[in-house]
Amino acid sequence: CVTFMFLLLQKKMKLLSRIFLISYLLPLYAYTEVDLNKLYIDLHKNPELSFQEKRTSEMLAGILEEMSFEVTSGVGGYGVIAVLKNGPGNTLMIRADMDALPLEEKTGAKYASKKKSINQVGAEVFTMHACGHDIHMTSLIGTAQNLIKLKDQWTGTLILNLQPAEERGSGARAMIKDGLFERFPRPDFNLALHVSADLPAGKIAYVPGWAMANVDSMDIIVKGIGGHGAYPHKTIDPIVLSSQLINNIQTIRSREISPLDAAVVTVGSIHGGTKHNIIPDEVTLQLTLRSYTDEVRNKTISSIKRISRGIAQSAGLPEELYPEITLKDEYTPALYNNPEFTDRIRSIAEKAIGKENVIKSTPVMGGEDFGMYGRVEPRIPSVLFWLGAVNKNVYDRSKRESIDLPSLHSPFFLPDYKPTINTGVQATTAMALNILTPSTE
């Protein structure tokens, strides 16, 4: 009996020692660093289209859970919100977008994407991270790792937002609608970065105030009365009407909007007809509209409607055959960088990566739905800064020889990922530490 009790006690001691050893080592395993270069390669090779970011979100949610973030998945689709509360203080939200583009990569990189996906209309398409969202996600994870290591240097609440469907201008809206600012702590500041195809790696750029444009997608069905191509006098040709419409709406920018205001009206697609000698009944146009202010946006939209109606009326069409105009539910509001917050970010970046590497830039007509987070009342100061992504030697050569660099959304766009990620992590970490550091005043 004594022998039995001794063996039992010995087994219990071994079990307790194992439990102690596991509990001691578990934190070390939990904080094992992610290799950012390997993570980037994985994300680049496995892009996912808007609202299809299942693998990406699951992988990144798992990484953040291991870092002890409180992680919620499925926000506004495949969105992920990770929260780390570290005492009283400011609340900062850092956002990175996850989705890729329906594009065949032609960079020739060893890690180039060869993936195909099914798009929103059921067609099989190549898929590529041609807008740098793989860099954005990797930089966010690197920043999270740094802030975990430096927890004793800041207090407050850190929110990491891995957003779906930026490329369709719908992800931010979906997350807000799903209770982003009600279910989770409301940020005092919003921060994001975006790679730049015009800036060398190692540098960042900032734009105070209006930085990116309102983006609207519009469909117009121009109707007519079809017939034989040999007897056009017996028809009202919607192809001719479409041509007149395309030309006339270009005068909106040149004659109806102040030269001091920015606006773009682009017809990106025109489809009509089936055969050489048949005049069709209708033609479909697809437009993208860009502006900064709500006044210019509304003016552009109303002018297109007026001109479309006028052309149909002048052609003698009955009212039931006037053009059908649909403004798609993909509106992305203009991105406004809070000037005071932007100046603060600039100052932090100059100290972190060197004043010579921080550049003031100019607004662009591209769109970014990150701006939606700063429009929810009461308004949250928000800044998106540009992160240089071009190999320095390639950049220098392009300047010497006047060579155009591949743009964002180009099948040839390929970031110089190591210095780009390093700069993104370094700058964002410094910004976060400043925002989350208690004031000594």
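Since we're looking at a predicted model, the values are computed, not measured.

(A) Structural context of the packing of aromatic side chains. Following the criterion strictly, the structure yields 7 aromatic pairs and no others. Taking the centre distance of 6.3 Å and the plane angle of 85° together, the rings of phenylalanine 181 and tyrosine 373 count as edge-to-face. Within this pair, whereas phenylalanine 181 is found in helix α6 (residues 180–183), its partner tyrosine 373 is found in the loop between β17 (358–360) and β18 (382–390), the two being separated by 192 residues in sequence. Summarising the aromatic geometry, the rings of tryptophan 210 and tyrosine 336 are spaced 5.1 Å apart at their centres and angled 70° between planes, so their arrangement reads as edge-to-face. A residue pair is termed long-range when its members are at least 10 positions apart, and tryptophan 210 in strand β9 (residues 209–212) and tyrosine 336 in strand β16 (residues 335–337) qualify at 126 residues. For tyrosine 336, a relative accessible area of 40% gives the class partly exposed. One aromatic cluster is present, formed by Tyr40, Tyr111 and Tyr417 through successive ring pairs. For the cation-ring pair, arginine 186 lies above phenylalanine 181, with the distance from its terminal atom to the ring centre recorded as 5.3 Å. The cationic tip of arginine 297 hangs over the ring face of tyrosine 331; the distance from NZ or CZ to the ring centre is 3.7 Å.

(B) Representation of the confidence of the model for the chain. For the chain, the average pLDDT comes to 93, and 92% of its residues sit at 70 or higher. Ignoring residues within four places in sequence, the model shows residues 15–30, a span with pLDDT below 50, making 2 contacts including any to other chains.

(C) Broad picture of the pairing of strand β1 (residues 70–75). Where β1 meets strand β2 (residues 79–86), 5 bridges bridge the pair, whose relative direction is antiparallel. By the bridge assignment for β2, valine 71 is matched with alanine 82. Hairpin connection, β1 to β2: the antiparallel pair is bridged by 3 residues, and glycine 76 has positive phi, about 65°.

(D) Just the sheet that holds β18, in detail. What the 8 strands build is an open sheet, ordered β1-β2-β6-β3-β7-β18-β8-β17; its pairing is mixed. In the strand order of this sheet, the two ends are held by β1 and β17, each with one partner. Taken pair by pair, the neighbouring strands of this sheet meet at an average axis angle of 25°, ignoring direction. Of the strand pairs in this sheet, strand β3 (residues 91–97) and strand β6 (residues 156–163) are connected by 7 bridges, and their pairing is parallel.

(E) Looking closely at the packing of helix α4 (residues 133–149) against helix α11 (residues 417–436). Relative to each other, α4 and α11 sit at 50°, their axes nearing to 8 Å. Relative to α11, α4 is oriented oblique. Crossing of α4 against α11: the hand is right-handed. Across from Ile135, Thr138, Ser139, Gly142, Thr143, Asn146 and Leu147 in α4, the residues of α11 making contact are Tyr417, Thr420, Ile421, Gly424, Val425, Thr428, Thr429, Ala432 and Leu433. Taken together, the residues of the contact of α4 with α11 sort by class into 7 nonpolar, 9 polar and no charged.

(F) Geometry of the pattern of salt bridges. All chains considered together, the criterion is met by 19 salt bridges. Here arginine 375 ties to aspartate 294 by a salt bridge, and the two come within 3.9 Å at their closest N and O atoms. With arginine 375 in the loop between β17 and β18 and aspartate 294 in helix α8 (residues 294–314), this pair connects stretches of sequence that are 81 residues apart. Looking at aspartate 294, the relative accessible area reads 34%, which means it is partly exposed. Each of Arg95, Asp97, Glu368 and Asp369 takes part in one network of salt bridges that share partners.

(G) Inspection of the sheet that holds strand β14 (residues 282–291) at higher detail. Spatially, the 4 strands line up as an open sheet ordered β12-β14-β10-β15, and their pairing is antiparallel. The open sheet has two edge strands with one neighbour each: β12 (263–272) and β15 (324–327). For this sheet the average axis-to-axis angle between neighbouring strands, irrespective of direction, equals 20°. Where β12 meets β14, 9 bridges bridge the pair, whose relative direction is antiparallel. Bridge pairing in β14 links glycine 272 to valine 283. Most of the contacts of α8 go to strand β10 (residues 214–223), to which it runs at about 5°, and overall it touches β10, β12, β14 and β15.

(H) Focus on the side chain of threonine 423. Residue placement: threonine 423 occurs in helix α11. Of note is the side chain of threonine 423, whose polar atom sits 2.9 Å from the backbone oxygen of proline 419. Every residue in contact with threonine 423, bar those within four places of it in the chain, is listed here: Gly202, Lys203, Ile204, Ile353 and Leu387.

(I) Spotlight on unusual backbone geometry. In this structure, proline 378 follows glutamate 377 across a cis peptide bond, with omega equal to -10°. Relative to the helices and strands, proline 378 resides in the loop between β17 and β18. Phi angles above zero are rare outside glycine, and histidine 409 is one such case at about 75°. Note on placement: histidine 409 falls in the loop between α10 (392–401) and α11.

(J) Geometry of helix α9 (residues 339–353). Taking 1.5 Å per residue, 15 residues should reach 21 Å; α9 reaches 21 Å between its end C-alpha atoms and fits that length. Looking only at α9, the buried set comprises Phe341, Thr342, Ile345, Arg346, Ile348, Ala349, Glu350 and Ile353. Between the side-chain oxygen at the start of α9 and the backbone nitrogen of glutamate 340 there is a gap of 3.2 Å, and the oxygen is on asparagine 338. Backbone geometry just downstream of α9 places glycine 354 in the positive-phi region, at approximately 100°.

(K) Structural view of helix α7 (residues 238–256). Taking 1.5 Å of rise per residue, the 19 residues of α7 would be expected to cover 27 Å, and the 25 Å separating its terminal C-alpha atoms lies within 8% of that figure. Among the residues making up α7, those that are buried are Pro238, Leu241, Ser242, Leu245, Ile249 and Ile252. Buried positions along α7 lie against β10, β12, β13 (278–279), β14 and α8. Put simply, aspartate 237 is the residue that caps the front of α7, since its side-chain oxygen is 2.8 Å from the backbone nitrogen of isoleucine 239.

The rules we used
- Residues numbered from 1 in each chain as written.
- Predicted model: local features only at pLDDT ≥ 70, side-chain atom pairs only at ≥ 80, totals over all residues.
- Heavy atoms only, no water.
- Phe/Tyr/Trp six-rings, centres within 6.5 Å; stacked < 30°, edge-to-face > 60°.
- Helix = DSSP H or I, 4+ residues; strand = E, 2+ residues; numbered from the N terminus.
- Buried < 20%, exposed > 50% of the residue type's maximum accessible area, 1.4 Å probe, protein only.
- Lys NZ or Arg CZ within 6 Å of the ring centre and 35° of its normal.
- pLDDT = per-residue confidence, 0-100.
- Contact = heavy atoms within 4.5 Å.
- Pairing = 2+ DSSP bridges.
- Axes fitted to C-alpha atoms, helices over the stretch in contact; angles between N-to-C directions.
- Parallel < 35°, antiparallel > 145°, perpendicular 65-115°, else oblique.
- Left-handed = near helix turned anticlockwise from the far one by under 90°.
- Nonpolar A, V, L, I, M, F, W, Y, C, P; charged D, E, K, R; others polar.
- Salt bridge = Lys/Arg side-chain N within 4 Å of Asp/Glu carboxyl O.
- Polar contact = N/O pair within 3.5 Å; in protein donor to acceptor, adjacent residues only side chain to side chain.
- Expected span 1.5 Å × (residues − 1).

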